[in-house]
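# Coordinates in review
Each chain, letter by letter, is given below.
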Amino acid sequence: MKFTLTAKDKGSAARAGVFTTDHGEVHTPIFMPVGTVGSVKGVYHKDLKEDIKAEIILGNTYHLYLRPGLDTLRKVGGLLRFESWGRPILTDSGGFQVFSLPQIRKITEEGCRFQSHIDGSRHMFTPENNVDTQRAIGSDIMMALDECCPGDADERYAAKSLKLTQGWLERYFKRFCETDPLYGYDQAMFPIIQGCVYPELRKRAVDHALTLVGDHPGVGGFAVGGLAVGEPTEQMYEMLEVVCPILPENKPRYLMGVGTPANILEGIARGIDMFDCVMPTRNGRNGMLFTWNGIMNMRNAKWQDDFSPLDPSGTSFVDHEYSKAYLHHLFVAKEMFAAMVASEHNLAFYHDLVREARKHIEAGDFSSWKDETVRRISSRM
RNA sequence: GUGCGAUUAGUUCAGUUGGUAGAGCACCAGAUUGUGGUUCUGGGUGUCGUGGGUUCGAGCCCCACAUCGCACC
């Protein structure tokens, strides 16, 4: 995986670039729709490509390992072929699921034991079998197995958690180097920087990761994890200000699981290149729309008789084909089409957002544009 | 026509020995950040069918009427 920086903002740490995988180019800053179990819920690939213009989507190792399972994925030749996407895919390791799903789990130095949320069966992820699993899935970008530390953890707990993640990263990287892709195309891996809200821990995590992987060509970039998990937003931004300046400039930086449109612009301003978040799709399914003029809750009664276009400034076909009143009706009636329209709109908006950001980075006026835009998109309609 | 039962929030219903009403759903809002098509939080929105009576006080007891349901002529 090759990354080229193409522009740097003048008034901030924002940058624009492009990375290349065997399944195509990805222009950064980029937003990556989440497709946990092998589909971006409610959205056709055709629309993802042509309307939303997504360049890369996510899959989740935890979910795909449980279902359809590795035998099926190996037989079909990997997730890309299985879901007929054809563009790059990034897989999360499943560490976050083990952290966030309220199931019986036990995390030890060896790995994490967990019970399936589907049938209660017992499983274990180790750094080694997690590499093997992501090889079987065949993602273009594989994420290291980490422990996601809660945002309100004390420093002692966070230090212990980081140490575990570091040990896992060493073993994960070793296994990664010892194994090859199964399907004839390249797979890159990203270490994940943890350290909760403690600057010293974050620095230690970066030092450790850089020392471990050196300039190994298989390392595609670096991820910042363990943020937007309960800590105040300002602390998240502070951590980015600690981490980004000491990460290598020639590798993309991925802020995992973030976030709101404002979070994304603030992340870009601090040097982040890649984002993923369930918010545009999950919140969309439940009636929340993100627009250039603020946030709309389509379930609100105020849209009952508003027959104006969904989002006159939107670029998706749904923004002009359907009215606010119609989408309101679909949500009230609990029609599945409501979730589809909202997901389509939100993903298109998120992609617009990062594309606009990219333009302003190239123009060198990102900072001022960002401040004004954050105010606008954070308001409520 | 007679007898019995019912009538309380938008709806389905609860409401103790009489002390000016509550629940589920719906509705109205808010939350949701490496996805369990959710979940969570807050809000009661009322001429207790109508009119009288008893009582310090009635959703509750008494009378009449209305409406609905069931049964019987």
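Please read these numbers as outputs of a predicted model, since none were measured by experiment.

### Overview of helix α10 (residues 261-269)
- Counting buried positions along α10 gives nine out of nine residues, so the element sits mostly inside the fold.
- For α10, the set of buried residues is Pro 261, Ala 262, Asn 263, Ile 264, Leu 265, Glu 266, Gly 267, Ile 268 and Ala 269.
- The inward-facing, buried residues of α10 abut β4 (30-32), α9 (233-243), β15 (274-276), β16 (288-291), α14 (336-363) and α15 (366-378).
- Looking one or two residues beyond α10, the residue adopting positive phi is Gly 271, at roughly 105 degrees.

### Describing the sheet that holds strand β6 (residues 89-92)
- Reading across from one edge, β5-β6-β10-β11 is the order of the four strands in this open sheet, with parallel pairing throughout. The open sheet has two edge strands, β5 (57-60) and β11 (188-190), and neither has a second partner. Recorded for the sheet is a direction-independent mean angle of 25 degrees between the axes of neighbouring strands.
- In this sheet, β6 lies alongside β5 in parallel orientation, the contact comprising four bridges. Of the residues in β6, the one forming a bridge with Ile 57 is Ile 89.
- Of the strands in this sheet, β6 and β10 (141-143) are in contact with helix α6 (residues 127-137), which crosses β10 at around 155 degrees.
- Along the sheet, helix α7 (residues 155-178) contacts β10 and β11; its crossing angle with β11, the most-contacted strand, is approximately 175 degrees.

### Quick look at the protein's contact with RNA strand B
- Taken together, 38 residues lie around RNA strand B, and Phe 96, Gln 97, Val 278, Thr 281 and Arg 380 are the ones closest in.
- Taken together, the sugar and phosphate atoms account for 53% of what RNA strand B places within 4 Å of the protein.
- Asp 92 places a side-chain nitrogen or oxygen 2.8 Å from a sugar or linking oxygen of RNA strand B.
- Separating a phosphate oxygen of RNA strand B from a backbone N or O atom of Val 278 is a distance of 2.6 Å.

### Quick word on the domain arrangement of chain A
- Split into domains, chain A comes out as domain 1 (2-276) and domain 2 (284-377).
- Between the C-alpha centres of domain 1 and domain 2 there is a distance of 27 Å.
- Taken together, the contacts link 37 residues of domain 1 with 30 residues of domain 2.
- The contact between domain 1 and domain 2 buries some 2,600 Å² in all, and 67% of this surface belongs to carbon and sulfur atoms.
- Inspection of the domain 1/domain 2 interface yields one salt bridge.
- Two residues, Lys 370 and Glu 266, come together in a salt bridge whose shortest N-O distance is 2.9 Å.
- Elements with a minimum of two residues in the side of domain 1 that touches domain 2: β1 (2-8), β2 (15-21), β3 (24-28), β4, α1 (45-50) and α10.

Analysis parameters
- Residues numbered from 1 in each chain as written.
- Chains lettered and ligands numbered in written order.
- Predicted model: local features only at pLDDT ≥ 70, side-chain atom pairs only at ≥ 80, totals over all residues.
- Heavy atoms only, no water.
- Buried < 20%, exposed > 50% of the residue type's maximum accessible area, 1.4 Å probe, protein only.
- Helix = DSSP H or I, 4+ residues; strand = E, 2+ residues; numbered from the N terminus.
- Contact = heavy atoms within 4.5 Å.
- Pairing = 2+ DSSP bridges.
- Axes fitted to C-alpha atoms, helices over the stretch in contact; angles between N-to-C directions.
- Near = heavy atom within 4 Å.
- Polar contact = N/O pair within 3.5 Å; in protein donor to acceptor, adjacent residues only side chain to side chain.
- Domains from an automatic or database assignment.
- Buried area = accessible area lost by both parts, 1.4 Å probe.
- Salt bridge = Lys/Arg side-chain N within 4 Å of Asp/Glu carboxyl O.

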